[in-house]
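# Observations on chain architecture
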Amino acid sequence: MAEVKKIAVIAGDGIGPEVVAEAEKVLKRTEELFGYRFETEHALFGGIAIDEKGTPLPEETLAVCRKADAVLLGAVGGPKWDNNPKELRPETGLLGIRKALGLFSNLRPAVVFDCLKDASTLKPEVLEGTDLMVVRELTGGIYFGEKYRRDTDQGQEAVDTCAYNVSEVERIVRQAFEIAQKRRKKLASVDKANVLETSRLWREVVNRVAPEYPDVELEHVLVDNCAMQLLRRPSSFDVIVTENMFGDILSDEAAMLTGSIGMLSSASLGEGSFGLYEPVHGSAPDIAGQNLANPIATILSVALMFRMTFGYADAADAIERAVADVLNAGHRTGDIAVDKSKAIGTVAMGDLIVAAMSK
Ligand code: NAI
Ligand code: MG
């Protein structure tokens, strides 16, 4: 009997509960097919937690996450809470949960499904074979550096500072090398070492640890060049590792290679195998509660969880294969449908993927 894996399930707001419900069907099907065992525990987070508990991130939710092996999160937020004070906003909970769980990297795969090549604004022949992963540092850099304003002779001046220390760089760089080892063994480290001191330190650390991963082919790419190469030769990238702000921008750019936000999964990782997995999209209040949301991003987040946290590559492959098969058979939710009148709903898409899963 396989060991029981504990998964904290946080449905959240808007379309969150709808897409998470489909992902849970995939969990159940994985147990039947592969004999793995999952124990799920649901917890409140985001807007619904504000309404029911008076805080976006209740202590009991953190406790559920801490005793779990992984967290599956839908999405949080919505107009209802937009005008709340900061501590009562769902987004504050997102920053809080990452911090409380020590999640220092954000992983975003960008995979172009062959049959969706025409959903992108780029030429299909450029996109062919694109399967990359952006590994973004999440808790350091300019977003977290000291910031202030001061008066000068030329008027007010605003200052943001960017700082990284060796251990912050080393832990994410090592993680990226290890991820590359499990993929196509190519790593692009992205920096601005011709200008920034933090980037020079970044590059020193990368070069120091690189010899420990001799099977991984390393390239250093300046961030402006990387932005160009992502559009010119996306399929040549495997793993891209970079600091917080560069990663924020490049991961959004990479996301657009694939066409729809409804297809994009993500992981946030810390030390060890624990991770939080969620779709890239938000709570989509405009389509919530109407069975219109594409559940694929959340379902692919489960595949990512299997691969990264549990080491269940066979089950991850099965999910990804099932998604590809269902798309190849022409089934589409509204966000990826060319002919919107033929679009299917959230539940139907989930059911088709579950039915297409095989060992
Ligand atoms: P959004 O991602 O929720 O929606 C943007 C557009 O994409 C909308 O037109 C929506 O209908 C569509 N869309 C998103 N996911 C889809 C899916 N699975 N299937 C089909 N269509 C989909 O971003 P938006 O509108 O900027 O934010 C809405 C709320 O979500 C806000 O409160 C925002 O703060 C929150 N948000 C939460 C995130 C999270 O929980 N990690 C991330 C981003 C936004
Ligand atoms: Mg962003």
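Residues numbered from 1 in each chain as written. Chains lettered and ligands numbered in written order. Predicted model: local features only at pLDDT ≥ 70, side-chain atom pairs only at ≥ 80, totals over all residues.

Quick reminder of the rule: UniProt positions are given in the numbering used here, feature names are shortened, and annotations may be inferred rather than shown by experiment.
As annotated in an unreviewed UniProt entry, the chain carries the name 3-isopropylmalate dehydrogenase and comes from Paenibacillus apis. Within the UniProt record for the chain, the comment given under Catalytic activity (unreviewed entry) is "(2R,3S)-3-isopropylmalate + NAD(+) = 4-methyl-2-oxopentanoate + CO2 + NADH". Under the heading Subcellular location (unreviewed entry), UniProt records this for the chain: "Cytoplasm".

## Some points on the nonpolar core
Short version of the rule: Definition of nonpolar core: a set of buried Ala, Val, Leu, Ile, Met, Phe, Trp, Tyr and Cys residues joined via C-beta atoms within 7 Å. Any residue surrounded by 20 or more other C-beta atoms within 10 Å of its C-beta is treated as buried, while 12 or fewer makes it exposed and the intermediate range makes it partly exposed; C-beta atoms here are placed from the backbone. It is the C-beta atoms, placed from the backbone, that decide contacts: two residues are in contact if theirs lie within 7 Å.
Within the largest apolar cluster, 105 residues are counted, with the highest numbers of intra-cluster contacts made by Leu72, Val302 and Ile319. Setting aside residues up to four positions removed in sequence, valine 302 forms contacts with Ala23, Val26, Leu27, Leu72, Tyr277 and Ile319.

## A short note on the site of ligand 1
What counts is decided by this rule: Whether a residue is near a molecule or strand depends on its C-beta atom, placed from the backbone, lying within 6 Å of it. Three classes are used: nonpolar for Ala, Val, Leu, Ile, Met, Phe, Trp, Tyr, Cys and Pro, charged for Asp, Glu, Lys and Arg, and polar for all others, with Gly counted as polar.
Contacts to ligand 1 come from 22 residues, most closely from Gly77, Gly262, His281, Gly282 and Asn294. Across the shell around ligand 1, the residue classes break down as eleven nonpolar, seven polar and four charged.

## Considerations on the sheet that holds strand β2 (residues 37–42)
Test applied: Note on pairing: DSSP must find at least two bridges between two strands before they are called paired. Secondary structure elements follow DSSP: runs of H or I no shorter than four residues count as helices, runs of E no shorter than two count as strands, and numbering proceeds from the N terminus. The angle between two axes is taken between their N-to-C directions and runs from 0 to 180 degrees, where each axis is a line fitted to C-alpha atoms and a helix contributes only its stretch in contact.
A sheet is described by the order of its strands in space; here ten strands give the open sequence β2-β1-β3-β12-β11-β4-β5-β10-β8-β9, paired in mixed fashion. A strand with exactly one partner marks an edge of an open sheet, and here the two such strands are β2 and β9 (217–222). Along the sheet, successive strands turn relative to each other by an average axial angle of 25 degrees, direction set aside. Strands β1 (4–12), β2, β3 (70–75) and β12 (275–279) of the sheet are contacted by helix α1 (residues 16–34), whose axis makes an angle of about 145 degrees with β3. Contacts between helix α10 (residues 296–310) and the sheet are confined to β1, β3, β4 (105–111), β11 (265–269) and β12, with β12 contributing the most and set at about 160 degrees to the helix.

## A few points about the confidence of the model for the chain
Defined as follows: Values of pLDDT, ranging from 0 to 100, describe the predictor's confidence in every residue of the model.
Averaged over the chain, the pLDDT score is 95; the fraction of residues at 70 or greater is 100%. Under the prediction, the complex receives an ipTM of 0.97, its pTM being 0.93.

## Description of the domain arrangement of the chain
What counts here: The split of the chain into domains comes from an automatic or database domain assignment.
One can read the domain layout of the chain as domain 1 (1–108 + 262–359) and domain 2 (121–258). In this structure, domain 1 and domain 2 have C-alpha centres spaced 25 Å apart. Each partner contributes residues to the interface: domain 1 has twelve residues there, and domain 2 has 14 residues. For the side of domain 1 that touches domain 2, the elements supplying multiple residues, two or more each, are β4 and β11. The element contributing the most residues to the side of domain 1 that touches domain 2 is β4, with four residues. Looking at the side of domain 1 that touches domain 2 residue by residue, the class counts come to seven nonpolar, three polar and two charged.

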